[in-house]
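# Examining the three-dimensional arrangement
Take a look at the letters that make up each chain.
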Amino acid sequence: MPATPQSQLTGVTRTVTPTAGGHVVALAQTFPVGAEELWSALTTGSRLALWFGRAGGELVEDGRYELPDMETHGRVKAVEAPRRLLLSWEFGSGRSELELLLEPVPDVSDEEGEKEGTTRFTLRHTVPDDAHWATFGPAATGCGWDAALYPLALHLEDPTTAQLQRMAHFAASREGAEFVRATADAWYEAHVAAGSDRKPARKASVRTAAFYLGEETDLP
């Protein structure tokens, strides 16, 4: 089934897990491609430029990378192609950790226990428990990655077409605004499921949606 905003809302599993000094904001989605193909889409500069943004650096342990369009850079802490990539995520004065996990989906009909062409992708972003978290909660991180998984899904359907311009038009549309609000709501639910009180969790998700949409909010 072709990727749509609605399929992305329902096809992504969102979780929040407390950890030492912070929180793990995680998204998981199954893609109908093999691990090698998904790894290529996630780590090849020319492909990232089509759906995510420009990327440069060395994909080796202790190598440095940069994402100039996002003013983000960091260090490659671990690389196990095509299954795992662990990065430091450095934006301004902020420091966090990003882990990408690729797992072939088991298929009982396959003698080797793996189904070619289906991979479960999990993105785990560990962020600090700081004032930013208290204000915006997991949606600040989660909504951004939701907005990245959609063009990734489109790219995997058609690796030859640039998706960034399409996503720019989508973000500026009413449908795009609805997608932001819906993903913020989904992160509110994940926040509550992780143990947060409903009232502050709701305020955090509303603030996040307003920030992404350039809207004002009078929440305290």
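Now for a description of the structure that goes with this document. Computed from a predicted structure; not experimentally measured.

## As for the layout of surface pockets
- Considering only enclosed or pocket space, the largest pocket measures out at about 1400 Å³ in volume.
- Lining the largest pocket are 40 residues; nearest its centre among them are Ala-140, Thr-141, Gly-144, Trp-145 and Tyr-212.
- For the lining of the largest pocket, the secondary structure elements donating two or more residues are strand S6 (84-91), strand S7 (94-104), strand S8 (119-128), helix H4 (131-136), helix H5 (139-157), helix H6 (164-171), helix H7 (174-193) and helix H8 (198-213).
- Element by element, the count of residues in the lining of the largest pocket is highest for H5, at 10 residues.
- Residues that form the lining of the largest pocket fall into these classes: 26 nonpolar, 11 polar and three charged.
- The volume enclosed by the second largest pocket comes to roughly 390 Å³.

## Section: the packing of aromatic side chains
- Here the structure, examined in full by the defined rule, presents nine aromatic pairs.
- Aromatic side chains Phe-211 and Tyr-212 sit 6.0 Å apart centroid to centroid with 80° between the ring planes, which places their arrangement in the edge-to-face category.
- The partly exposed category is assigned to Tyr-212, whose relative accessible area is 38%.
- A network of ring pairs unites the aromatic residues Trp-51, Phe-52, Trp-89 and Trp-145 as a single cluster.

## Remarks on the pattern of salt bridges
- All chains considered together, the criterion is met by 12 salt bridges.
- A salt bridge links Asp-69 to Arg-54; the shortest N-O distance between them is 2.6 Å. Of this pair, Asp-69 sits in the loop between strand S4 (64-67) and strand S5 (72-80) while Arg-54 is found in the loop between helix H3 (45-51) and strand S3 (56-57), placing the two residues 15 residues apart along the sequence.
- With a closest N to O distance of 2.6 Å, Arg-84 and Glu-99 form a salt bridge. Of this pair, Arg-84 sits in strand S6 while Glu-99 is found in strand S7, placing the two residues 15 residues apart along the sequence.
- Of the residues examined, Arg-84 reaches a relative accessible area of 22% and is grouped as partly exposed.
- Within the structure, one salt-bridge network assembled from shared partners comprises Glu-80, Arg-84, Glu-99 and Arg-124.

## Description of the pairing of S8
- Judged by which residues are buried, S8 turns out to be one-sided: Thr-119, Phe-121, Leu-123, His-125 and Val-127 face inward and are buried, whereas Arg-120, Thr-122, Arg-124, Thr-126 and Pro-128, on the alternate face, are not.
- Here strand S2 (residues 22-31) runs beside S8; their pairing, made up of 10 bridges, is antiparallel. By the bridge assignment, Val-24 is partnered in S8 with Thr-126.
- As paired elements, S7 and S8 share eight bridges and run antiparallel to each other. Its bridge partner lying in S8, Leu-101 is registered against Thr-122.

## Overview of unusual backbone geometry
- Each neighbour pair has its own omega, and for Ala-81 with Pro-82 the value is -5°, a cis peptide bond.
- For Pro-82, the location among the structural elements is in the loop between S5 and S6.
- One non-glycine residue, Glu-71, lies in positive phi territory at about 55°.
- Inspection of the secondary structure puts Glu-71 in the loop between S4 and S5.

## Digging into the sheet that holds S5
- Spatially, the eight strands line up as an open sheet ordered S1-S2-S8-S7-S6-S5-S4-S3, and their pairing is antiparallel. Two strands in the sheet have a free side with no partner beyond their single neighbour: strand S1 (13-19) and S3.
- Relative to S2, S1 is paired through seven bridges, and the arrangement is antiparallel. Bridge pairing in S2 places Arg-14 opposite Leu-27.
- Running over the sheet, helix H2 (residues 35-43) touches S2, S5, S6, S7 and S8 and is turned about 155° from S7.
- Its contacts with the sheet place H7 against S1 and S2, and it is angled at close to 45° to S1.

The rules behind each value
- Residues numbered from 1 in each chain as written.
- Predicted model: local features only at pLDDT ≥ 70, side-chain atom pairs only at ≥ 80, totals over all residues.
- Heavy atoms only, no water.
- 1 Å grid on protein atoms, 1.4 Å probe; cavity = no way out; pocket = protein on both sides within 12 Å on 5 of 7 lines; lining within 4 Å.
- Points joined across faces, edges and corners; volume = space filled by probe spheres on them.
- Helix = DSSP H or I, 4+ residues; strand = E, 2+ residues; numbered from the N terminus.
- Nonpolar A, V, L, I, M, F, W, Y, C, P; charged D, E, K, R; others polar.
- Phe/Tyr/Trp six-rings, centres within 6.5 Å; stacked < 30°, edge-to-face > 60°.
- Buried < 20%, exposed > 50% of the residue type's maximum accessible area, 1.4 Å probe, protein only.
- Salt bridge = Lys/Arg side-chain N within 4 Å of Asp/Glu carboxyl O.
- Pairing = 2+ DSSP bridges.
- Contact = heavy atoms within 4.5 Å.
- Axes fitted to C-alpha atoms, helices over the stretch in contact; angles between N-to-C directions.

Structural measurements only, silent on function.
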